[in-house]
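# Secondary and tertiary structure notes
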Amino acid sequence: MRPRKPWRPHRPSKSAPFVMRRWVPRRRRCIAWAPRADCSTASMGSACGAGWSPAGAVLPSPAAPTAGAPWRSTRSAWPRSWTKPPCRSSWPTTRPARPDGCLQRRFDALDLALAQTREEPQRHPEQTGLEEDPIQEPWRPRKPCPLASGNCRQRLQVGEVEVLFPFQSVLPPQQQVITKVVNGALQGRHVLIESPTGTGKTMALLCAALAAQRRMALLRGKAPRVIFGTRTHAQIKQVVNEVRRSPYRPWLQVVGGRDQNLCIQPRVLEQARTDDALSSQACRLARRGAERGRNSNVVAADGRVAEADVKCDVWLPLQELSVVAGAHQQMRSEADGSGGMLDMEDLAALGGRLNCCPYFLSRAALANAELVICPYNYLLGEQLAVAMGLDERDIVIIDEGHNLEDYCCEIGSESVTGSTLLEILNRIEEAEIYLQEFRSEGVDFLRLSLVKTTVQAIQRLCSEVMDVGPGSTWNSTLEARPSVMEFLERAGVEQSFVGAVRHFQEVLQGRRGVAGSARMEGLSMQVLKSLRELEGLAAALARCIEAPRQFKIHLEAVGVSARGTVRSSQSQRASQEATVGASDFELSILLVRPEAVFQPLADSAHCVIVASGTLAPVAAFQVALGPAFCNRLLPGVLEAPHVISSSQLGVVFVGSGPSRSLRCTREPMAQSEFLQDLGKLLLLLLKEIPGGVLVFMPSKKGLEDAQHEWRQSLGLQRSLWERLREVKGCVQMETESEALRRHQDAASEGAVLFCVYRGRASEGLSLSDVAVRGVICVGIPLRPLNPAVRLKRSYYDQVKPNGKNGEDWYSQDAHRAVNQALGRAVRHRQDYGAVVLVDERWTCAGSMRAVRYLPKWLRELIGINDGIRGQHLAFHLEKVLQSLRQHFARHAGEPEDFQTSRMVRPRTI
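Keep in mind the model is a prediction, meaning the values are calculated, not measured. Per-chain numbering applies: the sequence of each chain, read as written, is numbered from 1 onward. In view of the model being predicted, local features appear only for residues whose pLDDT reaches at least 70, and side-chain atom pairs are presented and counted only at 80 or more, with totals across whole chains, interfaces and linings using the full set of residues. As a rule here, side-chain values come from all non-hydrogen atoms in the structure, and water together with hydrogens is ignored.

### With respect to the packing of helix H29 (residues 787–799) against helix H30 (residues 806–822)
Just so we agree on the cut-off: Each axis is a line fitted through C-alpha atoms, taken for helices only over the stretch in contact, and angles between the N-to-C directions span 0 to 180 degrees. For the purposes of this entry, the term helix denotes a DSSP run of H or I that reaches at least four residues, the term strand denotes a run of E that reaches at least two, and both are numbered from the N terminus. Angle categories: roughly parallel below 35 degrees, roughly antiparallel above 145, roughly perpendicular from 65 to 115, and oblique for all the rest. The contact definition used throughout considers only heavy atoms, calling two residues in contact when any of these lie within 4.5 Å. Ten residue types, Ala, Val, Leu, Ile, Met, Phe, Trp, Tyr, Cys and Pro, are classed as nonpolar, four, Asp, Glu, Lys and Arg, as charged, and the remainder, Gly among them, as polar.
Packing of H29 against H30 leaves a shortest axis separation of 7 Å and a crossing angle of 130 degrees. The angle between the axes of H29 and H30 places the two elements in the oblique class. Facing H29, whose interface residues are Val789, Lys792, Arg793, Tyr796 and Asp797, H30 presents Gly806, Glu807, Trp809 and Tyr810. When the residues that make up the contact of H29 with H30 are grouped by side-chain class, the tally is 4 nonpolar, 1 polar and 4 charged.

### Details of the side chain of threonine 454
Here is the rule: Note on exposure labels: buried denotes an accessible area under 20% of the residue type's maximum, exposed denotes more than 50%, and partly exposed covers the range between, all computed with a 1.4 Å probe on protein chains only. Here a polar contact is recorded for every N or O atom pair within 3.5 Å, except that within protein the pair must consist of a potential hydrogen donor and a potential acceptor, and residues adjacent in sequence are included only if both atoms are side-chain atoms.
The topology assignment puts threonine 454 in helix H17 (residues 445–465). Residue threonine 454 is classed as buried on the basis of its relative accessible area, which comes to 3%. Polar side-chain contacts of threonine 454 include one of 2.7 Å to the backbone oxygen of leucine 450. With near-sequence residues (within four places) excluded, threonine 454 lies in contact with Ala491, Gly492, Val493 and Phe497.

### Digging into the packing of H17 against helix H18 (residues 484–491)
The relative placement of two packed helices is expressed as an angle between their axes plus a distance between the axes. The N-to-C vectors of H17 and H18 enclose an angle of 125 degrees; their axes lie 8 Å apart at closest approach. In this view, H17 runs oblique relative to H18, as classed from their interaxial angle. Residues Thr454, Ala457, Ile458, Leu461, Cys462, Glu464 and Val465 of H17 touch H18, and the partners they reach there are Phe487, Arg490 and Ala491. Counted by class, the contact of H17 with H18 contains 7 nonpolar, 1 polar and 2 charged residues.

### Describing the pattern of salt bridges
We count it as follows: Whenever Lys or Arg places a side-chain nitrogen within 4 Å of a carboxyl oxygen from Asp or Glu, that contact is recorded as a salt bridge.
Under the criterion given, the structure shown has 24 salt bridges. In this structure, the salt-bridge partner of aspartate 343 is lysine 237, at a minimum N-O distance of 2.7 Å. Of this pair, aspartate 343 sits in the loop between helix H10 (321–331) and helix H11 (344–354) while lysine 237 is found in helix H6 (residues 234–245), placing the two residues 106 residues apart along the sequence. Here aspartate 705 and lysine 701 are joined by a salt bridge, their closest N and O atoms 2.9 Å apart.

### Things to note about the state of the cysteines
Defined as follows: We call a pair of cysteine sulfur atoms a disulfide whenever their separation is within 2.5 Å.
Under the criterion given, the structure shown has 0 disulfides. There is no disulfide at cysteine 152, and the cysteine sulfur nearest it, in cysteine 207, is 9.0 Å away.

### Side note on helix H27 (residues 720–728)
Filter applied, for reference: Summarising the geometry, the arc corresponds to the directions from the helix axis toward the C-beta atoms.
The set of residues buried in H27 consists of Leu720, Trp721, Leu724 and Lys728. Summarising the axial view, the buried residues of H27 lie within an arc of 100 degrees, below the 170-degree limit, and thus occupy one face. The secondary structure elements touched by the buried residues of H27 are helix H25 (672–688), strand E22 (692–697), helix H26 (700–710), strand E23 (730–733) and strand E24 (751–756).

### Here we look at the confidence of the model for the chain
Where we set the bar: pLDDT gives the predictor's per-residue confidence on a scale running from 0 to 100.
On average, residues of the chain carry a pLDDT of 76, and 72% of them reach 70 or more. Under a pLDDT of 50 for its full length, residues 106–135 has, in the predicted model, 53 contacts with residues more than four places off or in other chains. A low-confidence stretch, residues 294–308 stays under pLDDT 50, and its non-local contacts, those more than four residues away or across chains, total 27 contacts.

### A word on the environment of histidine 876
Mapped onto the fold, histidine 876 is located in the loop between helix H33 (856–862) and helix H34 (877–891). For histidine 876, a relative accessible area of 58% gives the class exposed. Taking the C-alpha atoms as reference points, histidine 876 and glycine 657, 219 residues apart in sequence, are found 9.8 Å from one another. A distance of 3.1 Å separates a polar side-chain atom of histidine 876 from the backbone nitrogen of glutamate 878.

### Quick word on the pairing of strand E18 (residues 583–591)
Note the cut-off: Pairing between two strands is assigned when DSSP locates at least 2 bridges connecting them.
The buried count for E18 comes to 8 of 9 residues, which makes it a mostly enclosed element. Judged from the 4 bridges that link them, strand E14 (residues 414–417) and E18 form a sheet pairing that is antiparallel. Directly across from threonine 417, in E18, lies its bridge partner glutamate 586.

Dropping the structure here:
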């Protein structure tokens, strides 16, 4: 007879049916530490356990709540389940996928190590003279972060907050940014900031946020973290360097994926690419193999059983608490010259020296970090935010947030074809048969049945509502039938569908690597790949149930031709090329308002600061983020001026070429004569602009057509492409490999780089001085009228948020891309250059595009007031060329002594 275990299984209550089962001590009365109703835990267990905190278990004394900590004890009447932080209660998920048992135990150990090494700050109420804060925020106790007084060159006073600054002079835009950020952080209000490129926006954001954090830590003994969200992983290093230059020395922690150098086991990533799986799945298998001390059987693609020789040795040292504590001490050490603030490369190097996983070391340090730097998609994705523990009431800064609306709509939308649904059904049935045959433990077959029946219902309904054939489409409406809710009801989609899909994933992931499950190993890799696509669709449908008026459901017939998938919304000729009998459909769940994705962050964060150099028109951008953001917005949206003078930046508008007017829309851009005239105009402009020049085209296809036309020889004359090379030497397309490096190397002698709006060159390009002396913006990049764009225009026509219709949104989106491109011209206050806007729509009589759509800083710089119309911006081509010639002649040889430039200025009425 086996000895009786001193533990009993802890099962979920009826009120929380989808929670993790835990083993808790066998006691008649137990005390459960659980967060207060208005708080969320920031422990490592919650950060890596998907934002859930254990109830029904006695915490070890080092991790037990201290006085003033946001925890409370409850008796056995408290539900013995895992309690979800309320700040994300609006998400349509039951619980993100949790780590397996052995992984959870490691996270508990890491959290215990953090609790043992953490210093609790002491309150000094006699110094503040303030009473106890009546609002109990779920912040960790913190001391004010250390300072590097040697880096302080200037001190600013914003109310009672002293902001230290690393430069002797604080520019006016920086002063405005600092004031807004400090006030927003102290008042718990959201902030919207437009500050042009080159005004020192990043340093101002960091210093202001850290100064506000220090003030709150001094007054309350606790303070929120500062989370700085970048647009890409590559920009994280730039922000870390800015923090090192600042007078503040916070505990800085970068957050990245395994693919961003944080996995130092190359074979794990190689295995993920071989299996066409996520790196997280390969990591999980490698950790299990290391902990079991043996390898797991896998099934190869040809059906042979092979030995998996991939295991993660750097995971095993994390079992030692002393290793974790020592690693965190080294992360805070200044001996390496980084000031105790590591970027991705430094963190990977530290993990290599200590033979520890840098990915999990960074996640273990998130709870105590004072400044977290990560791509802002980690904050908007529901899975990532909870899993990383980034869902508290933090000070959130979203830098380069001009694409925030598009990004939210993109991650909130999902598409799937009918053939994919059939493949998913086949994989589900295979996995279901296997699981029933071997009677796998911990499998909820009712939930697996829900997944299967829902997919079947969606596939059947899609086939019924449209006659699959050439030209077939179907769209939901807001008011009339068929509506979004009607589609969801007929398909039988329930709120628990996404939870059931994730449960299926957990079951398959749990079976991988288990002895005796070689057959399941090969099957689960195929099923998990299908379930990844299904999970995105299920999450979009769950959001759709919660906010049906923010979504559109689109069905479209597609066919397969020799050139690939052909949509019915494409040209008639393309549709006729579809092979008969190969028809299919595509189901799209389209988010037309970013509110459904952005609202959880706007509700849960202490304050959200959205900053960019290009938000104009700001009023439309503000409304697009939804009422959850607008209702807490700090009054007075900041539109900061530029730091340069009007003589440093010349702006001209060109509406015609040498022989014709230039209205750069899709139809003319496909005509040979139009492209030849456009090429001749560019040749004349490039002769007058020294150094490097960026030329932005409306679309990739338009750029390819222009390049093809310009390479053609005209009789005995040389081609335009050859003449461009004579003028500028280095002529490249941004799609070419190493194009950016070659352009920068050749810029001093002359170079031109052809780019596309919304492409790599217009987003975060760090070229300045001679590398970009001129920016030529050709046309206005209206988006192609694909189903998503058409439905969004239709939505704006029906709802009219802030009085704007679909055409207004369509134009604002295009002009925001132009504003982002022209911001590449001047990168700092000693820089100079010119911007040329080529299109007849800028200069035609009565046009108000410049007044409506150009950013405020540019209008003030060149003197465009509300009375300016298109005819006041139109000048003869010879006058424009002469102005460019004079502008650069005055700056030649004396780039820091700018005289009054005689650039073409708008004629006043």
